[in-house]
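Breakdown of the fold
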Amino acid sequence: MLATAAPLPGYRRNVGIMLLNPRNHVFVGQRRDMPSAAWQMPQGGIDKGETPREAALRELGEEVGTTQAVVLAESAAWLTYDLPEELRRKLWRGRWRGQSQKWFGMRFTGEDRDININTRHPEFSQWQWVPSDRIVDLIVPFKRELYRAVLEEFAELLKEEKATA
């Protein structure tokens, strides 16, 4: 995992969202397209002409089925990870080595019933709120270092979690 000032060439430009509920638990979804347990925070590509922030808000609606959130923080750097070789060939027809991601910490302002993962193009088969100290263990191994960096970057947002959990 690399942290850079700009997205790297050869990597897909992408955003990630650490969505927090009022208890500071983190939203994760089980990927629909993976045969084994593969939880992740919402993420998605940046469309042409779109800012990372605009992409993050759009992806929240597309993957989580809600726009009821406010942006609290944006990662200082682009966080880049490589896909395993077997996935690299399957995804995006081998065009990208991995993804360069700009991450956003967001506060969910709705209620759980406002989340609807059965969107037009569903990415998740189920979802849950989890304490931040459980996130890394739920994530596929090749993204764990990146998720540790995201949790460290947004540590200030998570400070209240221990007191309210």
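Because the structure is predicted, anything quoted here is derived from the model rather than measured. Here the residue numbers are simple positions, counted from 1 along each chain's written sequence. Restriction of local features to residues with pLDDT of at least 70 applies here, the model being predicted, together with a cutoff of 80 or more for giving and counting side-chain atom pairs; totals for whole chains, interfaces and linings are based on all residues. Excluding hydrogens and water, the side-chain values take into account all heavy atoms of the structure.

Positive phi is not limited to glycine here, since Asn-24 has a value of about 65°. Numbering goes from the N terminus for both helices and strands, where a helix is a DSSP run of H or I of at least four residues and a strand is a run of E of at least two. Summarising the element assignment, Asn-24 is placed in the loop between strand E2 (11-20) and strand E3 (26-31). Residue burial is assigned from relative accessible area. The probe radius is 1.4 Å, only protein chains are included, and a residue is buried under 20% of its type maximum, exposed over 50%, and partly exposed in between. Look at Asn-24 and you get buried, because its relative accessible area is 1%.

The next thing to look at is the nonpolar core. One finds Met-18, Met-41, Trp-103, Ile-135 and Tyr-147 to be the most contacted residues of the largest nonpolar core, which totals 27 residues. Sorting the residues of this core by element identifies E2, E3, strand E7 (78-82), helix H3 (132-138), helix H4 (144-153) and helix H5 (155-158) as the ones contributing at least two each. Element by element, the count of residues in this core is highest for H4, at five residues. In this view, Met-41 contacts Ile-17, Met-18, Val-26, Phe-27, Val-28, Trp-103, Ile-135, Tyr-147 and Val-150; residues no more than four positions away in its chain are not counted. What is meant by a nonpolar core is a set of buried Ala, Val, Leu, Ile, Met, Phe, Trp, Tyr and Cys residues, joined one to another through side-chain atoms within 4.5 Å. The next biggest cluster of nonpolar side chains, apart from the first, holds 18 residues, and it includes Ile-17, Phe-27, Val-64 and Ala-69. It only takes one pair of heavy atoms within 4.5 Å for two residues to be counted as in contact.

Put simply, a salt bridge is a Lys or Arg side-chain nitrogen that is within 4 Å of an Asp or Glu carboxyl oxygen. The tally for this structure, following the rule as stated, stands at eleven salt bridges. Across the pair Glu-50 and Arg-58 runs a salt bridge, and its minimum N-O distance is 2.7 Å. Sharing partners across several salt bridges, the network here consists of Asp-47, Glu-50, Arg-58, Glu-59 and Glu-62.

So, on to the side chain of Ser-100. Of note, Ser-100 is situated in strand E8 (residues 98-108). Its relative accessible area of 0% is what places Ser-100 among the buried residues. Under the rule applied, a polar contact is a pair of N or O atoms within 3.5 Å (in protein, one hydrogen donor and one hydrogen acceptor; residues adjacent in sequence only if both atoms are side-chain atoms). Of note is the side chain of Ser-100, whose polar atom sits 3.1 Å from the backbone nitrogen of Leu-8. Side-chain polar atoms of Ser-100 contact the side chain of Thr-80, separated by 2.7 Å.

We now examine H4. Within H4, burial applies to Leu-146, Tyr-147, Ala-149, Val-150 and Leu-151. On its buried face, H4 sits against E2, strand E4 (39-40), E7, E8, H3 and H5.

Attention shifts here to the side chain of Thr-80. Locating Thr-80 in the fold gives a position in strand E7. Once you skip the residues sitting within four places of it in the chain, Thr-80 turns out to touch Met-1, Leu-2, Thr-4, Leu-8, Tyr-11, Gln-99, Ser-100 and Leu-146.

The subject of this paragraph is the packing of aromatic side chains. Each Phe, Tyr or Trp ring, with Trp reduced to its six-membered ring, pairs with another whose centre is within 6.5 Å; inter-plane angles below 30 degrees give stacked pairs, above 60 give edge-to-face pairs, and intermediate values give tilted ones. Inspection of the entire model under this criterion finds seven aromatic pairs. With a centroid separation of 5.4 Å and an interplanar angle of 20°, the aromatic rings of Phe-27 and Trp-127 are classed as stacked. With Phe-27 in strand E3 and Trp-127 in strand E9 (residues 124-130), this pair connects stretches of sequence that are 100 residues apart. A relative accessible area of 25% means that Trp-127 is categorised as partly exposed. Measuring from ring centre to ring centre gives 5.7 Å for Phe-108 and Trp-129, while their planes differ by 40°; the resulting arrangement is tilted. Taken together, the residues Phe-108 in strand E8 and Trp-129 in strand E9 connect sequence positions 21 residues apart. No difference in accessibility class separates Phe-108 from Trp-129, as the two residues are buried.

Our focus in this paragraph is helix H1 (residues 52-64). Think of an α-helix as turning once every 3.6 residues; residues three or four places apart then point the same way. A rise of 1.5 Å per residue sets the reference length of H1, with its 13 residues, at 18 Å; its end C-alpha atoms lie 17 Å apart and thus fit the reference within 8%. Three or more residues of H1 are buried, namely Pro-52, Ala-55, Ala-56, Glu-59, Leu-60, Glu-63 and Val-64. Take H1 and look down its axis: the buried residues cluster within an arc of 140°, on one side only. Of the residues trailing H1, Gly-65 is marked for its positive phi of about 75°. To estimate the expected span of a helix, subtract one from its residue number and multiply by 1.5 Å. Working definition: the arc comes from the directions between the helix axis and the C-beta atoms, pointing outward to the latter.

By themselves, these observations are geometric and do not establish any function.
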